[in-house]
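# A look at the structure
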Amino acid sequence: MIGFAALFSSASIAQTVNNGGFEFKNGKEIFEAACINCHGPEGQGMPKTTVGFEAPSTFPDFTDCKGTSPEDNATWRTIITNGGPGRGFSPIMPSFSEALTPQQINMVIEYLRSFCKEPVWPRGELNLPRALVTEKAFPENEVILTTAVNAKGAPGISNEFSYERRIGARNQIEVSVPFSFERLSPGSWFGGIGDTGLGLKRVLFSSLNSGSIFSVQGEAILPTGNRLKGAGSGVTTFETFGAFGQLFPRYTFLQLQGGADLPVDTSVAPRSLFLNAAVGKSFTGKGSLGRWWTPMFEVVGDRDLVNGAVTNWDVIPEMQVTLSKRQHIRADLGVRVPVNNTRDRPVQIMFYVLWDWFDGSLKEGWK
C-alpha cells in the first residue's frame, strides 16, 4: 500500500497554488514539489538520516511492482486526499485535499505509476470483488473463511478455509480445507474435514485498457474426508477451470468461471462440468473515498457427465462490504437458492470473511 509523506506541508503547497505563485503542469512537478523530500527522486524513499523520522512499516517503494501494482488508483486517491489515516495508515502522510485539485491528484498518481517498470503485473483495478462461489481471475494474497448454513431441508453447516498466496507477477498457489457438520439422524451430528485441495493459478492475459483479465487454474483435490459420512468423495480428483473478469465503467463488472472435475476413478465419483457467473456493481460514499458496498448476483450451474443427468442451477443474490478502513478485511452475505431439482438441494445462507494479509495484520487499518 501507498504510505505517502511530505516535508513540505500541504498547506504551503496550497498557498503557493492559490496565490498564483506556481501552476503545476504535470505529475512530475507535483511530486518534486510535495513528495520528493520523503519519497526520494526515484520513489524508493529518502534515508532516515535525511528525512529525520522513523519510516512506518507501510512506507512504500514505488519501484517495487509487487507492492504497488495490486492497488487501484481509487485507493491511492483516497490516501492523497485524506492522508494516511484515510485508509488506516500512518498520520505521517498528510492530507492534500486543500493543496491539490482532483485533476492534480490524478496527475501525480500517473507519475507514481511510472516508477514500476514491469507492466507484466496485473493492475489492482482488475482485482474485482470476490463472489461467494465464482472464482476470480486476479492472483491474490488472501485468507477466506466461507460458511453455508442450510436454511431449508436437512440441517447442516459447511465451511471452507482457503489460503491464497501470490508468487511473482502472474501466479498464485491455493490451499483449501473444507469442514462440515451434518445431522445424520435426529439427535446425531457428524463433523469432520472434507477433501483438501491444492491449486495453482496462472494469469494468461490482463489489460487495464480493455478492463479484462483471464486466468487458468489446476487443482488436485485429495480424498482426506470421510466418504461414508458424506464428508468426501473417496477419490482423488483433478479440477481445472478458466476464470475471466471484465471491468466496465462506473465500477460495474462481470466474472465468469467454467471448468471440470475429473476423478481418477469414475466408478467412485462421476466426472462433472460447472459454469458460474457473477455480475455486480460497487458503490462508495464520498466519491471513491469511503466504505465500498458491492451488490452481486450469481448464477451457478453444474452437471454430472452421466446418462440422464440434469444440470443443477442455483442463483445467489449477495452483498459484499469492506469492514476495515484499509479495505483488507471484507465480508459477503448471500442466499443460495436452487432453481431446479429442489427436492434434495437445500436453500442456504452463505457468508464469508476475507482477509487480504498482504495489506496488513488483522489488527491494522481500522482507524
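Provided above is the structure to which this section pertains.
Overview of the structure.

Here is what the cut-offs are and how they apply
- Residues numbered from 1 in each chain as written.
- Predicted model: local features only at pLDDT ≥ 70, side-chain atom pairs only at ≥ 80, totals over all residues.
- Heavy atoms only, no water.
- Axes fitted to C-alpha atoms, helices over the stretch in contact; angles between N-to-C directions.
- Helix = DSSP H or I, 4+ residues; strand = E, 2+ residues; numbered from the N terminus.
- Parallel < 35°, antiparallel > 145°, perpendicular 65-115°, else oblique.
- Left-handed = near helix turned anticlockwise from the far one by under 90°.
- Contact = heavy atoms within 4.5 Å.
- Nonpolar A, V, L, I, M, F, W, Y, C, P; charged D, E, K, R; others polar.
- Buried < 20%, exposed > 50% of the residue type's maximum accessible area, 1.4 Å probe, protein only.
- Disulfide = S-S within 2.5 Å.
- Pairing = 2+ DSSP bridges.
- Phe/Tyr/Trp six-rings, centres within 6.5 Å; stacked < 30°, edge-to-face > 60°.
- Lys NZ or Arg CZ within 6 Å of the ring centre and 35° of its normal.

Turning our eyes to something else, we now look at the packing of helix 6 (residues 73-82) against helix 7 (residues 102-113). Where helix 6 meets helix 7, the closest approach of the two axes is 10 Å, and the angle between their N-to-C directions is 120°. Between helix 6 and helix 7, the angle is such that the two are oblique. You can see that helix 6 and helix 7 cross each other, and the crossing is right-handed. Contacts from Asn73, Trp76, Arg77, Ile80 and Thr81 of helix 6 reach helix 7 at Ile105, Asn106, Val108, Ile109, Glu110, Leu112 and Arg113. Along the lines of polarity and charge, the residues of the contact of helix 6 with helix 7 split into 6 nonpolar, 3 polar and 3 charged.

Glancing now at the environment of tyrosine 111. When you line up the elements, tyrosine 111 lands in helix 7. Accessibility expressed as a relative area gives 19% for tyrosine 111, which makes it buried. Sequence-distant contacts of tyrosine 111, defined by excluding residues within four places in its chain, comprise Gly27, Lys28 and Phe31.

What follows concerns the state of the cysteines. The tally for this structure, following the rule as stated, stands at 1 disulfide. Here cysteine 65 pairs with cysteine 116 through a disulfide, and the sulfurs are 2.0 Å apart. Between cysteine 65 and cysteine 116, the S-S torsion sits near 115°, and that sign places the bridge as right-handed. Placement of the pair is cysteine 65 in helix 5 (residues 65-68) and cysteine 116 in the loop between helix 7 and strand 1 (142-150), with a sequence separation of 51 residues. As far as burial versus exposure is concerned, cysteine 65 and cysteine 116 are alike and both buried. Residue cysteine 35 stays outside any disulfide, its sulfur separated by 8.7 Å from that of cysteine 38, the closest cysteine.

Next up on the list: the pairing of strand 12 (residues 312-322). Here 10 bridges tie strand 11 (residues 292-304) to strand 12, and the two strands are oriented antiparallel to one another. Each bridged residue has a counterpart across the sheet, and for methionine 296 the counterpart in strand 12 is glutamate 318. Direction of pairing for strand 12 relative to strand 13 (residues 329-338): antiparallel, over a ladder of 7 bridges. Opposite glutamine 320, over in strand 13, you have aspartate 332 as the bridge partner. Following strand 12, the chain reverses through 6 residues before pairing antiparallel with strand 13; glutamine 327 in that reversal takes a positive phi of roughly 70°.

Next up on the list: the pairing of strand 8 (residues 252-263). Pairing of strand 7 (residues 237-248) with strand 8 involves 12 bridges; the strand directions are antiparallel. Counted as the bridge partner of threonine 240 is alanine 260 from strand 8. Here strand 7 folds back onto strand 8 in antiparallel fashion, the turn holding 3 residues, of which arginine 250 has a positive phi close to 60°.

This structure, assessed with the given rule, holds 8 aromatic pairs. Geometrically, the ring pair formed by tyrosine 111 and phenylalanine 115 is edge-to-face, given 5.2 Å between the ring centres and 75° between the ring planes. The burial state of tyrosine 111 is the same as that of phenylalanine 115; both residues are buried. Measuring from ring centre to ring centre gives 6.0 Å for tyrosine 163 and tryptophan 357, while their planes differ by 5°; the resulting arrangement is stacked. On the criterion of sequence distance, the pair formed by tyrosine 163 in strand 2 (residues 156-167) and tryptophan 357 in the segment after strand 14 (348-355) is long-range, its members being 194 residues apart. Tyrosine 163 gets classed as partly exposed once you look at its relative accessible area, which sits at 27%. Taken together, the aromatic side chains of Phe31, Phe62, Trp76, Tyr111 and Phe115 make up a single cluster linked through ring pairs. Just above the ring of tryptophan 76 sits the side chain of arginine 113; from NZ or CZ to the centre is 4.1 Å. Directly above the aromatic system of phenylalanine 89 lies the positively charged group of arginine 326, at a separation of 4.0 Å from the ring centroid.

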